[in-house]
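Structural characterization, general
Each chain, written out:
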Amino acid sequence: LDIATSVLMNLEKPPECQVDTSNTFNDLEIFNSVSEDTPSVVKSLDKTYTFMGKSKLHQVLRNPVADIKTLKGLQKNIRAIRNVIDDKFIVSRN
């Protein structure tokens, strides 16, 4: 993912410094694996249970965020959601 992010960050550079990213996701096997023996990166990371969760994961990976403030906000939101889920799981388990 770090490689994909750094490659995509090159889009802000002048055209002569840009990297052709047309095959980046395929080359890095982010969404599709070229071998049936090994899963794609997304398949390895995907722990979602719903279609919307899976869709959001794909969206986030296809559009990486480089702004630290935005990333910190996303992390804060994810922690809040996890806390709610953990609290409900613990309550319903007792």
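1. A few points about the overall build of the chain
- Within the chain one finds five helices and zero strands.
- Along the chain direction, N to C, the helices and strands of the chain fall in the order α-α-α-α-α.
- Taking all 94 residues of the chain together, the buried fraction comes to 13%.
- Of the contacts made within the chain by residues no fewer than 6 positions apart, 26% connect residues no fewer than 24 positions apart.
- Counting only carbon and sulfur atoms, one obtains 57% of the accessible surface of the chain, whose full area is about 8,000 Å².

2. Comments concerning unusual backbone geometry
- Unusually for a residue other than glycine, E29 sits at a positive phi of about 55°.
- Relative to the assigned elements, E29 resides in the loop between α2 (24–27) and α3 (41–45).
- We classify E29 as partly exposed; its relative accessible area is 22%.

3. Let's talk about the side chain of D46
- Following the sequence through the fold, D46 ends up in the loop between α3 and α4 (51–62).
- Within the structure, D46 has its side chain in polar contact with the side chain of K54 (distance 2.6 Å).

4. Let's talk about the confidence of the model for the chain
- Confidence in the prediction for the chain averages 76 pLDDT; 70% of positions are at 70 or higher.
- Model confidence for the chain, summarised as mean pLDDT per element, is weakest for helix α1 (residues 2–9) at 52 and strongest for α3 at 88.

5. Side note on the side chain of S40
- Mapping S40 onto the fold places it in the loop between α2 and α3.
- A relative accessible area of 7% places S40 in the buried class.
- A polar atom in the side chain of S40 sits 3.1 Å from the backbone nitrogen of K43.
- With residues up to four places along the chain from it excluded, the contact list for S40 reads E29, I30, F31, N32 and S33.

6. Observations regarding a nonpolar patch on the surface
- Together, V65, I68, L71, L74 and I78 give the surface a local cluster of nonpolar side chains, amounting to about 400 Å² of exposed area.
- For L71, the location among the structural elements is in helix α5 (residues 68–93).

7. Some thoughts on the packing of aromatic side chains
- Tallied over the entire structure, the rule returns one aromatic pair.
- For the ring pair F25 and F31, a centre distance of 5.3 Å and an interplane angle of 65° mean the geometry is edge-to-face. Judged on exposure class, the residue F25 and its partner F31 are both buried.
- Between R62 and the ring centre of F25, over which it is positioned, the NZ or CZ distance is 6.0 Å.
- The ring of F31 carries R62 above its face, with NZ or CZ at 3.9 Å from the centroid.

Each value, and the rule that gives it
- Residues numbered from 1 in each chain as written.
- Predicted model: local features only at pLDDT ≥ 70, side-chain atom pairs only at ≥ 80, totals over all residues.
- Heavy atoms only, no water.
- Helix = DSSP H or I, 4+ residues; strand = E, 2+ residues; numbered from the N terminus.
- Buried < 20%, exposed > 50% of the residue type's maximum accessible area, 1.4 Å probe, protein only.
- Contact = heavy atoms within 4.5 Å.
- Areas by Shrake-Rupley, 256 points an atom, 1.4 Å probe, with all protein chains shown as cover.
- Polar contact = N/O pair within 3.5 Å; in protein donor to acceptor, adjacent residues only side chain to side chain.
- pLDDT = per-residue confidence, 0-100.
- Patch = residues over 30% accessible without salt bridge, like charges linked within 9 Å, V, L, I, M, F, W, Y side chains within 5 Å.
- Salt bridge = Lys/Arg side-chain N within 4 Å of Asp/Glu carboxyl O.
- Phe/Tyr/Trp six-rings, centres within 6.5 Å; stacked < 30°, edge-to-face > 60°.
- Lys NZ or Arg CZ within 6 Å of the ring centre and 35° of its normal.

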